[in-house]
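Survey of secondary and tertiary structure
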Amino acid sequence: MSKIAVLPGDGIGPEIVAQARRVLARLGLPFEFEEAPVGGAGVDAADDPLPEQTLGLAQAADAILFGAVGDWKYDSLPRAKRPEQAILRLRSELGLFANLRPARVYAELAGASSLKADVVAGLDLLIVRELTGDIYFGEPRGIATRPDGEREGINTMRYREGEIRRIAQVAFQAARLRGRRLCSVDKANVLETTELWKQVVSAMATDYPDVELSHMYVDNCAMQLVRAPKQFDVIVTGNMFGDILSDEASMLTGSIGMLPSASLDARNKGLYEPIHGSAPDIAGQGIANPLATILSAAMMLRYSLGQTEAADRVERAVQQVLAQGYRTADIHTAGTKKVGTVEMGDAVVAALG
Ligand code: IPM
Ligand code: MG
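Counting restarts for each chain: residues are numbered from 1 in the order of the written sequence. Written order determines the labels here, with chains lettered from A and ligands numbered from 1. Two thresholds apply to this predicted model, a pLDDT of at least 70 for residue-level local features and 80 or more for giving and counting side-chain atom pairs, whereas whole-chain, interface and lining totals are computed over all residues. No hydrogens and no water enter the side-chain calculation; it runs on all heavy atoms of the structure.

Brief notes about the domain arrangement of the chain
- Splitting the chain by domain gives domain 1 (1-97 + 265-353) and domain 2 (116-258).
- Any two residues having at least one pair of non-hydrogen atoms within 4.5 Å are treated as being in contact. Every contact between the two is made by 15 residues of domain 1 and, on the other side, 17 residues of domain 2.
- Overall, the association of domain 1 and domain 2 removes approximately 1300 Å² of surface from exposure, summing both partners, and the carbon and sulfur fraction of that is 70%.
- Accessible surface is computed with a 1.4 Å probe, and the buried area is the amount of it that two parts give up when combined, taken over both parts together. Per-residue buried area on domain 1 facing domain 2 is highest for R91, F97 and I275; these three make up 48% of the total on that side.
- Just to be clear on terms, a salt bridge is a Lys or Arg side-chain nitrogen sitting within 4 Å of an Asp or Glu carboxyl oxygen. Connecting domain 1 to domain 2 are 0 salt bridges.
- Side-chain atoms alone can form a polar contact between residues adjacent in sequence; in general such a contact is a pair of N or O atoms within 3.5 Å, and within protein one must be able to donate a hydrogen while the other accepts it. For the pair domain 1 and domain 2, the interface holds 4 residue pairs in polar contact (both at pLDDT 80 or more).
- By the convention adopted, Pro, Cys, Tyr, Trp, Phe, Met, Ile, Leu, Val and Ala count as nonpolar, Lys, Arg, Asp and Glu as charged, and the other residues, Gly among them, as polar. For the side of domain 1 that touches domain 2, the residue count by class is 9 nonpolar, 4 polar and 2 charged. Each domain's limits were defined by an automated method or a database of domain assignments.

Put into structure tokens, the structure is as follows:
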């Protein structure tokens, strides 16, 4: 029996997670689900974005299915009480340092991208983002008042060699299982932190002679992703650059509603979430795209639960519903069938057979 912690969160989180949970339940595998509040829902339930009990459940589970957190109504709370703290704390408390964000263009959706179809058709890239270090967690941080009374915001970008080495190892190994090309993204021309990043990654290349390593500055990478995205196989980068580049990469696929992610610890225990946020503007309307969450569930099957065949089955089912023409509003184009969140879930469940 595998125990799956289900943390739906806020906004569209509960709607999309419900569909992914249906898909998982339909596989007929020995899974036990337990749900707990997180984010704004945690604040409402226990005055804490990551209630003690929710953290305990996440620690005890074999894998975590996560929706999204955040809503405008919590924006005025002190930082420690804001919904986003839940996901940041989960990543850090569970040691989920390796964030895998695959961006794949389904043939049927090449026309849904804002880029020309021939620029994105056939795209299949993987962003490996470091997730527990960098300016996100570096100390010192805060908003301080200087002696002259002027306020100053402070964050610190820092990486230890060991942190760089372990994420680079994940990326080299991932590249080995794919197209064997790894691009390490840095800003070594300006930032010492990423100069060290580049040195450490370069030194590791001799251990992976079968992987072709290249380096790119982050600004150039942002440009190359929209100019010629198919040049990339695997990209490895730090927390902040990875956050930005993965949102950019998502738009190559037609919609941010299509991008799943896995956040893994050293033993492949993981948290699985769509990379889009809680989208409070469309919450409760039944129009959100559940496919990124369903594809995240497929990654969970593959990486944490050892269910490769079931993962393939779910991914094939998603491909099939797209081939059948089902589209939520975000990926809808002329001539396709516009459906809501639940109907998309229905279609995937039906495609599983
Ligand atoms: C992401 C999100 C988070 C991040 C936010 C919600 C804290 O944007 O997972 O990409 O910045 O990492
Ligand atoms: Mg982000």
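A word on the pattern of salt bridges
- Going through the model one piece at a time under the given rule, you end up with 19 salt bridges.
- Measuring nitrogen to oxygen at the nearest pair gives 2.9 Å for the salt bridge that ties E35 to R21. With E35 in strand β2 (residues 31-35) and R21 in helix α1 (residues 13-26), this residue pair connects regions lying 14 residues apart in the sequence.
- Throughout this description, buried means an accessible area under 20% of the type-specific maximum (1.4 Å probe, protein chains only), exposed means over 50%, and partly exposed covers the range between. In this structure R21 comes out as partly exposed when scored by relative accessible area, which is 27%.
- The shortest N-O distance in the salt bridge between R89 and E93 comes to 3.2 Å. Here a helix means four or more residues in a row that DSSP labels H or I, a strand means two or more in a row labelled E, and each is numbered from the N terminus.

Considering the packing of helix α8 (residues 218-227) against helix α9 (residues 239-252)
- For the pair α8 and α9, interaxial distance at closest approach is 9 Å and the crossing angle is 10 degrees. Compared by their axis directions, α8 and α9 come out roughly parallel. Here V218, C221, A222, L225 and V226 of α8 lie close against α9, whose contacting residues are F241, L245, E248 and L252.
- Considered class by class, the residues forming the contact of α8 with α9 number 8 nonpolar, no polar and 1 charged. Axes, fitted as lines to C-alpha atoms, cover a helix only where it is in contact. Angles between the N-to-C directions of the axes lie from 0 to 180 degrees. Small angles under 35 degrees read as roughly parallel and large ones over 145 as roughly antiparallel, with 65 to 115 read as roughly perpendicular and the rest as oblique.

Considering the side chain of S113
- Secondary-structure assignment places S113 in the loop between β4 (98-104) and α5 (117-120).
- Within the structure, the side chain of S113 is placed 3.4 Å from the backbone oxygen of M251, a separation counted as a polar contact.
- For S113, the side chain forms a polar contact with the main-chain oxygen of L252, separated by 3.5 Å.
- Here S113 is in contact with V120, M251, L252 and G254, once residues within four sequence places are set aside.

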